[in-house]
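Topology and contacts: notes
Here is what each chain is made of, one letter per residue.
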Amino acid sequence: MSQCAATIVPCYPLFQQPEYRELLKAKSAEFEARVPQEKIDETFQWTTSEAYRKLNFQREALTINPAKACQPLGAVLCALGFRGTLPYVHGSQGCTAYFRTYFNRHFKEPVACVSDSMTEDSAVFGGQKNLFAGLQNAKALYEPEMIAVSSTCMAEVIGDDLNAFITNAKKEGRIPVDFPTPYAHTPSFIGSHLTGWDNMLEGILRYFTLNSMADKTAGSSGRINLVAGFDGYLGNFRLLKRMMREMGVEATLLSDPEAVLDTPADGRYRMYAGGTPPEEVQQAPNAIDTLFLQPWGIEKSRKFVKETWNHAATQVDAPYGLAATDRLLMTVSQLTGRPVPASLELERGRLVDMMADSHAWLHGRRFSVYGDPDFVMGMARFLMELGAEPLHLLCHNATKRWGKAMEQMLAASPFGKGAEVHFGRDLWHLRSLLFEKKPDFLIGNSYGKFIQRDTLHKGKEHEVPLIRIGFPIFDRHHLHRHSTLGYEGAMYLLTTLVNAVLERLDDETRSMGETDYNYDLIR
Amino acid sequence: MLNKEEAQRLIEEVLAAYPPDAAADRAKHLTVVEEATGEGSCGITANRKSQPGVMTIRGCAYAGSKGVVWGPVKDMIHISHGPVGCGQYSRAGRRNYYVGHTGVNAFGTMNFTSDFQEKDVVFGGDKKLAKLLDEANALFPLNKGISIQSECPVGLIGDDIEAVAKQKGAEMGKPVVPVRCEGFRGVSQSLGHHIANDTIRDFILDRQESTANEAGPYDVAILGDYNIGGDAWASRILLEEMGLRVVAQWSGDGTLAEMERTPQVRLNLLHCYRSMNYISRHMEAKYGIPWMEYNFFGPTRIADSLRRIAARFDSRIQEGAEAVIARHQPMVDAITHHFRPRLEGKRVMLYVGGLRPRHVIGAYEDLGMQVVGTGYEFGHNDDYERTNEDLSNTTLIYDDASGYELEKFVERVRPDLVGSGIKEKYVFQKMGIPFRQMHSWDYSGPYHGYDGYAIFARDMDMTINNPCWKMMTPPWR
Ligand code: SF4
Ligand code: SF4
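Along each chain, the written sequence defines residue order, and numbers are assigned to residues from 1. Chains and ligands are labelled by the order in which they are written, letters from A for the one and numbers from 1 for the other. Where totals are concerned, whole chains, interfaces and linings use all residues; where local detail is concerned, this predicted model gives features only for residues with pLDDT of at least 70, and gives and counts side-chain atom pairs only at 80 or more. Note that water and hydrogens are dropped before the side-chain values are worked out from all heavy atoms of the structure.

1. Structural notes on the overall build of chain A
Rules: Each helix corresponds to a stretch of at least 4 residues labelled H or I by DSSP, and each strand to a stretch of at least 2 residues labelled E; elements are numbered beginning at the N terminus. We compute the radius of gyration from the C-alpha atoms alone; for a globule the expected value is 2.2 Å times N to the 0.38, where N is the number of residues. For the exposure calls, accessible area comes from a 1.4 Å probe over protein chains only, and a residue counts as buried if that area is under 20% of its type's maximum, exposed if over 50%, partly exposed in between. Pairs of residues are marked as contacts when any of their non-hydrogen atoms sit within 4.5 Å.
Counting its regular elements, chain A contains 21 helices and 12 strands. Over its C-alpha trace chain A gives a radius of gyration of 25 Å, about what one expects of a compact globule, namely 24 Å for 523 residues. Each of the three principal axes of chain A carries a C-alpha extent, and together these read 75 × 60 × 55 Å. Expressed as a percentage of its 523 residues, the buried residues of chain A come to 62%. Contacts spanning at least 24 positions in sequence make up 75% of the contacts within chain A whose residues lie at least 6 apart.

2. Thoughts on the packing of aromatic side chains
To be explicit about the condition: Pairing of aromatic side chains here covers Phe, Tyr and the six-membered ring of Trp, requires ring centres within 6.5 Å, and sorts the geometry by plane angle: under 30 degrees stacked, over 60 edge-to-face, intermediate tilted.
If you walk through the whole model with that rule in mind, you get 36 aromatic pairs over all chains. An angle of 80° between the planes, with centres 6.4 Å apart, marks the rings of Tyr18(B) and Tyr404(B) as edge-to-face. Here Tyr404(B) lies in helix α17 (residues 403-413) and Tyr18(B) lies in the loop between α1 (4-16) and α2 (20-27), a separation of 386 residues in the sequence. Both residues of the pair, Tyr18(B) and Tyr404(B), count as buried. By the ring-pair criterion, three or more aromatic residues cluster together here, those being Tyr98(A), Phe99(A), Tyr102(A), Phe103(A), Phe107(A), Phe230(A), Tyr447(A), Phe471(A), Phe474(A), Tyr62(B) and Tyr89(B).

3. With respect to the site of ligand 2
Basically, it comes down to this: Whether a residue is near a molecule or strand depends on its heavy atoms: if one lies within 4 Å, it is near. Polar here means any residue other than Ala, Val, Leu, Ile, Met, Phe, Trp, Tyr, Cys and Pro, which are nonpolar, and Asp, Glu, Lys and Arg, which are charged; Gly is therefore polar.
In the region of ligand 2, the neighbouring residues are Val68(B), Arg94(B), Tyr226(B), Cys272(B), Gly353(B), Gly354(B), Leu355(B), Arg356(B), Phe378(B) and His439(B). Of the residues contributing to the shell around ligand 2, the split by class is 5 nonpolar, 3 polar and 2 charged.

4. Digging into the interface of chain B and chain A
Convention followed: Reported buried area values correspond to the accessible surface (1.4 Å probe) lost by two parts on association, with both partners' losses combined. Only one rule defines a salt bridge in this text: a Lys or Arg side-chain nitrogen within 4 Å of an Asp or Glu carboxyl oxygen. The term polar contact refers here to a pair of N or O atoms within 3.5 Å; inside protein, the definition further demands a hydrogen-donor-capable atom paired with an acceptor-capable atom, and it admits residues adjacent in sequence only when both atoms are side-chain atoms. Strand pairing is defined by DSSP finding a minimum of two bridges between the two strands.
Every contact between the two is made by 114 residues of chain B and, on the other side, 102 residues of chain A. Carbon and sulfur atoms supply 64% of the area that chain B and chain A bury against each other, a total of about 9,100 Å² over both sides. For the chain B face of the interface with chain A, the top three residues by lost area are Met55(B), Tyr89(B) and Lys430(B), together amounting to 10%. Connecting chain B to chain A are 9 salt bridges. The salt bridge involving Glu32(A) is made with Lys74(B); its shortest N-O contact spans 3.0 Å. In this assembly, chain B and chain A are joined by 37 residue pairs in polar contact (both at pLDDT 80 or more). Taken together, the residues of the side of chain B that touches chain A break down into 56 nonpolar, 33 polar and 25 charged. Examined bridge by bridge, strand β1 (residues 63-64) of chain A and strand β3 (residues 112-113) of chain B share 2 bridges and lie antiparallel to one another.

5. Thoughts on the pairing of strand β2 (residues 77-81) of chain B
If a strand is regular, its side chains alternate between the two faces of the sheet. Residue and element names in this part refer to chain B. Burial of β2 is extensive: 5 of the 5 residues sit out of reach of the surface. Residues Ile77, Ile79 and His81 of β2 are buried on one face, and the alternating residues His78 and Ser80, pointing to the opposite face, are buried as well. As paired elements, β2 and strand β4 (residues 146-150) share 5 bridges and run parallel to each other. Residue pairing in the sheet places Ile77 in a bridge with Ile146 of β4.

6. Re helix α10 (residues 162-171) of chain A
Residues and elements named next belong to chain A. The condition is simple: As used here, the arc belongs to the directions running from the helix axis to the C-beta atoms.
Within the span of α10, buried status applies to Leu162, Phe165, Ile166, Ala169 and Lys170. Angular distribution of buried residues about the axis of α10 spans 135°; they occupy a single face of the element. Each element contacted by the buried residues of α10 is listed here: β2 (85-90), α8 (128-142), β4 (146-151) and α11 (193-209). Two to three positions downstream of the cap, the backbone nitrogen of Asn163 sits 3.2 Å from a side-chain oxygen, assigning the N-cap of α10 to Asp161. Just downstream of α10, Gly173 is the residue with a positive phi angle, here 80°.

7. Brief notes about the site of ligand 1
Residues in close proximity to ligand 1 include Cys70(A), Pro72(A), Cys95(A), Thr152(A), Cys153(A), Ser188(A), Pro83(B), Gly85(B), Cys86(B) and Tyr89(B), which together make up its full environment. The environment around ligand 1 is built from residues contributed by chains A and B. For the shell around ligand 1, the element with the highest residue contribution is helix α4 (residues 85-89) of chain B, accounting for 3 residues. Its residues assigned to classes, the shell around ligand 1 shows 7 nonpolar, 3 polar and no charged.

8. Here we look at helix α15 (residues 321-336) of chain A
Every α-helix carries 3.6 residues per turn, so stepping three or four residues along brings you back to the same face. All names here are of chain A. For clarity, the cut-off: Helix span, expected: 1.5 Å multiplied by one less than the number of residues in the helix.
Between its first and last C-alpha atoms α15 spans 23 Å; for 16 residues at 1.5 Å apiece the expected length is 22 Å, and the two agree. Along α15, the residues that are buried comprise Gly321, Leu322, Ala324, Thr325, Asp326, Leu328, Leu329, Thr331, Val332 and Ser333. The secondary structure elements touched by the buried residues of α15 are α12 (234-247), β7 (289-292), α16 (342-362), α17 (373-385) and α21 (486-509). Backbone geometry just downstream of α15 places Gly337 in the positive-phi region, at approximately 80°.

9. Structural notes on the pattern of salt bridges
Residue and element names in this part refer to chain A. Per the counting criterion, the structure on display carries 79 salt bridges over all chains. Between Glu50 and Lys54 there is a salt bridge, with the nearest N and O atoms lying 3.8 Å from each other. Placement of the pair is Glu50 and Lys54 together in helix α4 (residues 50-57), with a separation of 4 residues, close to one helical turn. When its relative accessible area of 39% is taken as the criterion, Glu50 is described as partly exposed. Classification of Lys54 by relative accessible area gives partly exposed; the value is 49%. Each of the salt bridges in this network shares a partner with another, and the network as a whole consists of Arg238, Lys241, Asp256, Glu258, Asp262 and Arg481.

10. Looking at the sheet that holds strand β12 (residues 395-398) of chain B
Residues and elements named next belong to chain B. For clarity, the cut-off: Axis definition: a line fitted to C-alpha atoms, limited for helices to the stretch in contact. Angles are taken between N-to-C directions and run from 0 to 180 degrees.
Spatial ordering of the open sheet is given by β1-β12-β11-β10-β13-β14, a layout of 6 strands whose pairing is mixed. Two strands close off the open sheet at either side, each with one partner strand: β1 (30-33) and β14 (435-437). If you compare each strand with its neighbour and ignore which way they point, the axes differ by 25° on average. As defined by bridge partners, strand β10 (residues 347-350) adjoins strand β13 (residues 417-420) across 3 bridges and the pair is classed as parallel.

11. Here we look at the environment of Gln318(B)
All names here are of chain B. Along the chain, Gln318 turns up in helix α13 (residues 315-343). In sequence terms Gln318 and Met242 are 76 residues apart; their C-alpha atoms lie 7.7 Å from each other. Discounting residues that sit within four places of it in the chain, Gln318 has contacts with Ala310, Ala311 and Phe313.

12. Remarks on the packing of α13(B) against helix α19 (residues 449-464) of chain B
All names here are of chain B. Stated precisely, the cut-off is as follows: The scheme is simple: roughly parallel for angles under 35 degrees, roughly antiparallel for over 145, roughly perpendicular for 65 to 115, oblique for anything else.
At their nearest, the axes of α13 and α19 sit 10 Å apart, and the two run at 5° to each other. Comparing their axes, α19 and α13 come out roughly parallel. Of α19, the residues touching α13 (which contributes Val324, Ile325, His328, Met331, Val332, Ile335, Thr336, Phe339, Arg342 and Leu343) are Tyr450, Asp451, Tyr453, Ala454, Ala457, Arg458, Met460, Asp461 and Ile464. Classifying every residue of the contact of α13 with α19 by side-chain character gives 13 nonpolar, 2 polar and 4 charged.

Structure below.
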């Protein structure tokens, strides 16, 4: 009996109490047939060795702790960024439950998304019946302005034809013929969540513009289209809009989920909020250009925009850090003829001021980074701008071409000399790499916490603390509301990094009578 | 609270929003129970296909097998076999606590997957599977066995994972278990539980009739407790204290060895009936082991369960049970005394899975609260039959409720608390309704046992009585 009404304790520290410690010890000693502790310790040490790293890197078939997700997840996020849109996933229902949960946990927000619940018989006969009823039910119950259809791997393996099924559903009168139903095939066994995001966007652009290009002229609206891509930071969407506003540039964000994923608590649940209006999508071909801010994550939409809209889709880098943001603003300026305004120059100056203030704590520090390709590249670039040194740069869902581009980028900076680039590798690979060469910090999503624990288990001196930047972040609250792009985002990143360094220093120096030095009030 | 007629009218209103076919189907899943009748299944239809497009809360068979039954077995490796998604979304998401050296002799929070690529779908994944089993065994030599959790594509491309498992199992001398829990099978998680139970029967229990262990007179196993937030530990401690020897936990903090020795226990204690009744029945039929359901939520049910369990044993255990109850009574009284005045009369709506839609009712009642609506994501008729006994007032019952239904029901009933899952949580919080996740204990727990009751009471109080719910309207409105 470990509880007392005045101080009720949950799992930790409840299970620290002696009676539970004994219980756990006895359970494992008597019933678990547990391997002897020496064997466990020995095996653990082996998993941190050079020999193990080699064995680990010989893996050809097994993925352990991936750092990527599947296509329809991306499709759902993309669809959420359009006004009044209900994401609809054609296929078995379990995936949709997972997508919603995954986003709920990251954004701490409701996520509306339906499935058409295909079962064994649909595997035999195809899912057309499910799609008919699904579209009809979803429209009747949730009254969306648009339903954006993607597919699970079940529907893809049996070869369901979304276009034909949706057309038939309309013919059958399940939903009105003019009701917007863009779609994208999103087979989960190709690419990653980024591919699905890209496919869904392309589906939406195609739906609204392909057959109405006759009266469109690139440049006629004087606007700019921006495509942020799969991004777990709501602040980034807001930041992009603000920067464009300050430049006096009218911009359309193609997919903008910041409102629907950040609705207020005021007594009312809003299933739909904000988002890119379909009318703006229709007019998007009239813009001067479309800029893709995750060039390594988006291909198909870019191709569509170039071929169908006749846009240059001018190459830009993901605007992480100073120089990439400078370049983005200059590109927009060149395209629109609008100068970069004083307000943004001031913001830039403040960022540089912060960089100067903090450089002594960041210069020469070594960071390993994992995540999506443009994030890793952007983060590496920013680290080098800070005088920090990227060590391992790992991307599970990137290609060889990305690897080459990374090598080139790193070679161009003295701070990139010691970096290693890994693509198509998972977090168990990364674990081995961190035991081989220890960085000061690891930058990545919440999954990295298990690597931190493993490195700590080898000894405090091997511990690689995790700095949570990326997607998903499940175990810290509200970080997703910040921005990571632009000058503003760079300020957030810089603040996060430098304070992680200082926290760690405190952590290592607060042992009284032992490491009193460097435990400073002033830094 | 709504009376029966009002509740009936509410159901009709909600159904009116559906197209006719869907309305006719959903009507069979919604009802009002006036009071405990003690029999019948509330006249409800359950365990049927979800309506397409209505936003069911349900998951799939893979979730039921990998996520619920198999995943917590800590010293085995569970492969999410197929594309990368399913394993990633379900990784470490249920807080099935265990102790062990993760990545060395325990694997619970890791994600092993075959990460199917297009070529695997086109040419089949068996070769890849064979290879990855070897790789897993080489990199994690202390694993006690491997389960292969099939995702959707596997069942559609004609792979023979059984053959691969058989060959590799023989080579490794460990159980390698093929589980056909593809997400399109069945109508919810539920079939996944069943499939997982069957594979434990076929590939673990039948694999070796282990007689190595001395069977004691007081040996019992805990079945259907996934140790969420440490539930099984808070239960085990009571059973041990009354004199029983808990030789196995299925499957929270469970191990292969524990499963293997379960056929020698005297009694199987079943918490989540839904997910493990199959294996309980099997052990009864094959080994003559009786099983009984119990309920460790809230002191009333705990005491009742302890006595019912003890009644299966001799006076020593019966005295032990009384001693356990007596020893905890002061703590229970203190908790109830502290929290009941703060919670008295509060109305709760539940929508969960497994056993909780009925099992937690008693705990709420111990705190003076009333459950006015409840339903199962993936219950069967026998779950609803069992629920009747636990209902003590007019209750709205919803099976496989859609997002729309839940929203409308809650909007109208305006309960003081909703207990459901993460997908529902934020909808109701924004509506200003206090909410607790009742799958994951909202990152708290344990809720089982006497220690768990204290935490349960604390949590319900902190959520219902937090000031935030009164801040939703600005003062100038
Ligand atoms: S991998 Fe396939 S079955 Fe799994 S969640 Fe993704 S689409 Fe669904
Ligand atoms: S109690 Fe619920 S969440 Fe738990 S297994 Fe049974 S079904 Fe699932």
